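Listed below, chain by chain, are the residues.
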Amino acid sequence: MSRKKIALVTGVSSGIGRAIAAVLSGGGFRVFGTMRNPNETEGRLGDVELVRLDLRDDESARSCVRTVIDRAGRVDALVNNAGYTLIGSLEETSIEEAKELFETNFFGVLRMSQAVLPIMREQGYGRIANIGSVVGFLPAPYQGIYAASKHALEGYSESLDHEVRQFGIRVSVIEPGFTRTDIARNGRLAGQPLAAYARERDHVLDAVRQSVAIGEDPVKVASVVLEALASRSPRLRYLAGREAKFISSLRKFAPDKLFEKGLRKQFKLSAA
């Protein structure tokens with residue numbers, strides 16, 4: 001009987017993270033999932049073993065990984081999933097709000113990756129899957145800071161992949177489109193709203209909620225993560241779902257003006 005590989009997944013309380021934990025567990029991994037405040041009644045999520053983690057804190061990240069090592073002895077795969085969105089024009093968004101989002105969405109990935117990399121190097125093997133988004137290669141009006149964090153994740157992941165291949169470690173970015181999760185409901189609104197942006201901001205918020213409601217099943221995104229982690233030669237980027245694949249093709253082959261017009265129409269922005 002072969003030994004189960006050990007996976008650590010951040011942000012498993014709901015949505016894509018919860019689906020990833022379940023799919024990996026069913027796919028032969030022993031899964032450790034993180035929450036900021038796992039309570040006693042949530043001590044286990046099926047076979048998923050819960051670990052406390054605050055992605056904004058260096059010591060919390062190190063403690064989380066130490067807990068996994070103490071229980072399992074190794075970490076074969078890290079899935080950086082936890083994150084949130086921020087709705088508001090860039091003028092309305094304070095520097096502190098932007099910093100706070102990056103602390104979770106981007107620097108949280110750095111913290112967790114830096115915590116597991118020494119272990120993976122010593123093992124001579126590791127897989128890191130970072131949950132990105134199509135807004136890592138597209139604009140996202142009224143979600144500009146969220147898009148910026150996903151663009152940063154793309155550059156970080158590709159650079160890290162080249163650095164760590166020599167140690168038997170590979171890094172992949174999973175790029176879903178709209179997915180049926182609570183991200184829109186759990187997202188935050190910029191705290192300094194300006195009347196000048198109210199109409200378009202409200203249109204975008206409505207469009208995002210509608211698109212999420214009919215979006216991809218999180219299990220399909222999770223299945224792509226499993227594919228990346230199980231591959232002997234994983235790709236750098238994995239588009240997750242039909243919408244993501246369609247948008248990527250459109251971005252590559254459609255004339256810029258036509259693509260821009262379609263994007264503005266989707267988010268109900270003015271034609272100007």
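Keep in mind that what you see is a predicted model, and the values were worked out from it rather than measured.

Looking now at the pairing of strand β5 (residues 77-80). Because side chains alternate across β5, one face comprises the buried residues Ala77 and Val79, and the other comprises Leu78 and Asn80, equally buried. With three bridges joining them, strand β1 (residues 5-9) and β5 adopt parallel strand pairing. Each bridged residue has a counterpart across the sheet, and for Val9 the counterpart in β5 is Val79. Taken together, the four bridges between β5 and strand β7 (residues 126-131) define a ladder with parallel strand orientation. Looking across to β7, one finds that Ala77 is bridged to Arg127.

What the rule picks out here adds up to 21 salt bridges. The residue Arg237 makes a salt bridge to Glu154 at a minimum N-O spacing of 2.7 Å. Placement of Arg237 in strand β10 (residues 237-240) and of Glu154 in helix α5 (residues 144-164) is noted, with a sequence separation of 83 residues between them. Assessed through its relative accessible area of 33%, Arg237 is described here as partly exposed. One salt bridge connects Asp202 with Arg201, and the closest N-O pair in it is separated by 3.9 Å. Relative accessible area serves as the criterion here: at 40%, Asp202 is assigned to the partly exposed category. Owing to a relative accessible area of 13%, Arg201 belongs among the buried residues under this scheme. Within this structure, Glu154, Glu158, Glu175 and Arg237 form a network of salt bridges that share partners.

What follows covers the side chain of Thr10. Assignment of secondary structure puts Thr10 in the loop between β1 and α1 (15-26). Overall, Thr10 belongs to the buried group, its relative accessible area being 1%. Here Asn81 takes part through its backbone nitrogen, which lies 2.8 Å from a polar atom of the side chain of Thr10. Ignoring sequence-local partners within four residues, the contact set of Thr10 consists of Thr34, Leu53, Val79, Asn80, Asn81, Ala82 and Met112.

Rules behind the numbers
- Counting restarts for each chain, with residues numbered from 1 along the sequence as it is written.
- Local features are withheld for residues below a pLDDT of 70 in this predicted model, meaning they are given only at 70 or higher, and side-chain atom pairs are given and counted only at 80 or more; totals for whole chains, interfaces and linings count all residues.
- Side-chain numbers come from the whole structure's heavy atoms, not from hydrogens or water.
- Relative accessible area decides the class of each residue, using a 1.4 Å probe on protein chains only: under 20% of the type maximum gives buried, over 50% gives exposed, and in between gives partly exposed.
- Only DSSP runs of H or I covering at least 4 residues are called helices, and only runs of E covering at least 2 are called strands; the numbering of each starts at the N terminus.
- Strands are labelled as partners when DSSP assigns at least two bridges between them.
- Salt bridges are defined by distance alone: a side-chain nitrogen of Lys or Arg within 4 Å of a carboxyl oxygen of Asp or Glu.
- By the criterion applied in these results, polar contacts are pairs of N or O atoms within 3.5 Å in which, for protein atoms, one can donate a hydrogen and the other can accept it, and in which residues neighboring in sequence qualify only through two side-chain atoms.
- Should any heavy atoms of two residues lie within 4.5 Å, those residues are considered in contact.

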